[in-house]
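These are the residues of each chain, in order.
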2 protein chains.
Amino acid sequence: MGQSADHLTSNQAQVLRHLRAANAPMTAYQLLGRMQNDRGAVAPPTVYRALKGLEEAGLIRRIETLRAWAPVAAIRPGVVVICDDCGTVRGVEAPSLLESLHQRLAAEGFAEARQTIEVHGRCGDCAEDRA
Amino acid sequence: MGQSADHLTSNQAQVLRHLRAANAPMTAYQLLGRMQNDRGAVAPPTVYRALKGLEEAGLIRRIETLRAWAPVAAIRPGVVVICDDCGTVRGVEAPSLLESLHQRLAAEGFAEARQTIEVHGRCGDCAEDRA
DNA sequence: GAGATATACGTTATAGTATAACATAGCGCA
DNA sequence: TGCGCTATGTTATACTATAACGTATATCTC
Ligand SMILES: [Zn+2]
Ligand SMILES: [Zn+2]
Ligand SMILES: [Zn+2]
Ligand SMILES: [Zn+2]
């Protein structure tokens, strides 16, 4: 069930290690490939189960717009910012912004349960590189 | 290339008709099934090409969190609000919210290109039904 | 200790989503 | 007429995710 962050299984730890070592989100099948390199035969459910546990533990997120996974901590409501040049992803806290969205929708009778906010663009470092 | 809304191909019109007739987003393969009912043999690229054209024309959006497609008009940066009970999706304008997010990220040197904002929850009608 | 439950893991197969690549047909027009 | 452009058809394949079943192990309970 809801896994707490202090007790990862070895599959989970291995997946998390790979995600943290990467500088961009990885697809499930990229992770699968890495694990097969490490250990030989590994099947997709092994990866997906680890991803599910890590997500429930708040250690990773699926980046919906990339169909990939990133070790973005559970800034929980939060904004994910993605550089389309270098691939880096980071979480940004924006409580007041999300609160105003919440108010806005509540006023219309909508009971908000969760949001996905992903922003694409170019990060500062990559902008400098172009300059 | 960039299709303008006033000249849809017949495949695009057919896909759009089905999306508008539905009260919830449809997956590409649901659309494929409908088109096969209508016309016999239809293959996935037919559907995906129509979806691409409609998206470029600003007539539909892919709902990333549902991996499905909805006729949400081109509220063009906008928030998509999804009721997880009845499945309805609608676009909400929130210019000031997006502007403040833009400012926030610009201050950190991030040049924003596009956002995906999807909010899940329960709509007013469904809340009443539960009451 | 036997049996019941729960969790993780392995393994096979399959479902579901999306695109590559190549062929054909029609149209506008040099 | 021949060329470029767009849309479409068609086949095959790539990519993403889960169902279903079996096994091992730990933990609890009687
Ligand atoms: Zn490794
Ligand atoms: Zn960058
Ligand atoms: Zn129809
Ligand atoms: Zn509803």
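Structure: see above.
Quantities reported herein were computed from a predicted structural model and do not represent experimental measurements. (Residues numbered from 1 in each chain as written. Chains lettered and ligands numbered in written order. Predicted model: local features only at pLDDT ≥ 70, side-chain atom pairs only at ≥ 80, totals over all residues. Heavy atoms only, no water.)

**Digging into the coordination of the zinc ion (ligand 1)**
Residues and elements named next belong to chain A. The coordination sphere of the zinc ion (ligand 1) contains the protein donors His 18 (NE2), Asp 38 (OD) and Asp 38 (OD), at a distance range of 2.0 to 2.7 Å. Residue His 18 is located in helix α1 (residues 10-21), and its partner Asp 38 is located in helix α2 (residues 28-39); the two are separated by 20 residues in the primary sequence. In this structure Asp 38 comes out as partly exposed when scored by relative accessible area, which is 45%. (Donors = N, O, S within 2.8 Å, 3.2 Å for Na, K, Ca; no water. Helix = DSSP H or I, 4+ residues; strand = E, 2+ residues; numbered from the N terminus. Buried < 20%, exposed > 50% of the residue type's maximum accessible area, 1.4 Å probe, protein only.)

**Concerning the protein's contact with DNA strand C**
The immediate surroundings of DNA strand C are formed by 18 residues, with Arg 39, Arg 49 and Arg 67 of chain A together with Tyr 29 and Arg 62 of chain B found nearest. Sugar and phosphate atoms represent 46% of those atoms of DNA strand C found within 4 Å of the protein. Within the side chain of Tyr 48 of chain B, one N or O atom sits 3.1 Å away from a phosphate oxygen of DNA strand C. A distance of 2.4 Å is found between a phosphate oxygen of DNA strand C and a side-chain nitrogen or oxygen belonging to Arg 62 of chain B. Elements supplying a minimum of two residues to the surface near DNA strand C: α1 and α3 (44-56) of chain A together with α3 (44-56) of chain B. Ranked by the residues each element gives to the surface near DNA strand C, the list is headed by α3 of chain B, at four residues. Among the residues making up the surface near DNA strand C, the classes are represented as seven nonpolar, six polar and five charged. (Near = heavy atom within 4 Å. Polar contact = N/O pair within 3.5 Å; in protein donor to acceptor, adjacent residues only side chain to side chain. Nonpolar A, V, L, I, M, F, W, Y, C, P; charged D, E, K, R; others polar.)

**Details of the pairing of strand β5 (residues 111-122) of chain B**
The pairing of strand β5 (residues 111-122) of chain A with β5 of chain B spans eleven bridges and is classified as antiparallel. Note that in β5 of chain B the partner of Glu 118 of chain A across the bridge is Thr 116 of chain B. Where strand β3 (residues 79-83) of chain B and β5 of chain B come together, five bridges link them in parallel fashion. Residue pairing in the sheet places Val 81 of chain B in a bridge with Val 119 of chain B of β5 of chain B. (Pairing = 2+ DSSP bridges.)

**A few points about the side chain of Glu 112 of chain B**
The topology assignment puts Glu 112 of chain B in strand β5. A polar side-chain atom of Glu 112 of chain B sits 2.4 Å from a polar atom in the side chain of Gln 115 of chain B.

**Here's the deal with α2 of chain A**
All names here are of chain A. If you check α2, its first and last C-alpha atoms are 16 Å apart, about what twelve residues at 1.5 Å a residue would give, namely 16 Å. If you check which residues of α2 are buried, you get Ala 28, Leu 31, Leu 32 and Met 35. Buried residues in α2, looked at end-on, bunch into an arc of 105°, giving them a common side. For α2, the exposed residues set more than 90 degrees away from the buried face come down to Tyr 29 and Asn 37. On its buried face, α2 sits against α1, α3 and β2 (68-70). (Expected span 1.5 Å × (residues − 1). Arc of directions from axis to C-beta. Contact = heavy atoms within 4.5 Å.)

**Things to note about the packing of helix α1 (residues 10-21) of chain B against α3 of chain B**
Two quantities define a packed helix pair, namely the angle between the helix axes and the distance between the axes. Residue and element names in this part refer to chain B. Interaxial distance between α1 and α3 falls to 9 Å at its minimum, and their mutual angle equals 80°. For the element pair α1 / α3, the angle class is roughly perpendicular. Listed contacts from α3 to Asn 11, Gln 12, Val 15, Leu 16 and Leu 19 of α1 are Thr 46, Ala 50, Leu 51, Gly 53 and Leu 54. By residue class, the composition of the contact of α1 with α3 is six nonpolar, four polar and no charged. (Axes fitted to C-alpha atoms, helices over the stretch in contact; angles between N-to-C directions. Parallel < 35°, antiparallel > 145°, perpendicular 65-115°, else oblique.)

**Concerning the coordination of the zinc ion (ligand 4)**
Residues and elements named next belong to chain B. Coordination of the zinc ion (ligand 4) by the protein comes from Cys 83 (SG), Cys 86 (SG), Cys 123 (SG) and Cys 126 (SG), over a distance range of 2.2 to 2.3 Å. Of note is the zinc ion (ligand 4), whose four donor atoms meet at the metal with angles of 104 to 116° in an arrangement that counts as tetrahedral. Considered as a linear motif, the donors of the zinc ion (ligand 4) on their single chain read C-x2-C-x36-C-x2-C. Taken together, the residues span a long stretch of sequence, with Cys 86 in the loop between β3 and β4 (89-92) and Cys 123 in the loop between β5 and α5 (124-130) at a distance of 37 residues. Using a relative accessible area of 32% as the deciding quantity, one classes Cys 86 as partly exposed. (Tetrahedral: all angles 85-135°; square planar, octahedral: opposite > 155°, others 65-115°.)

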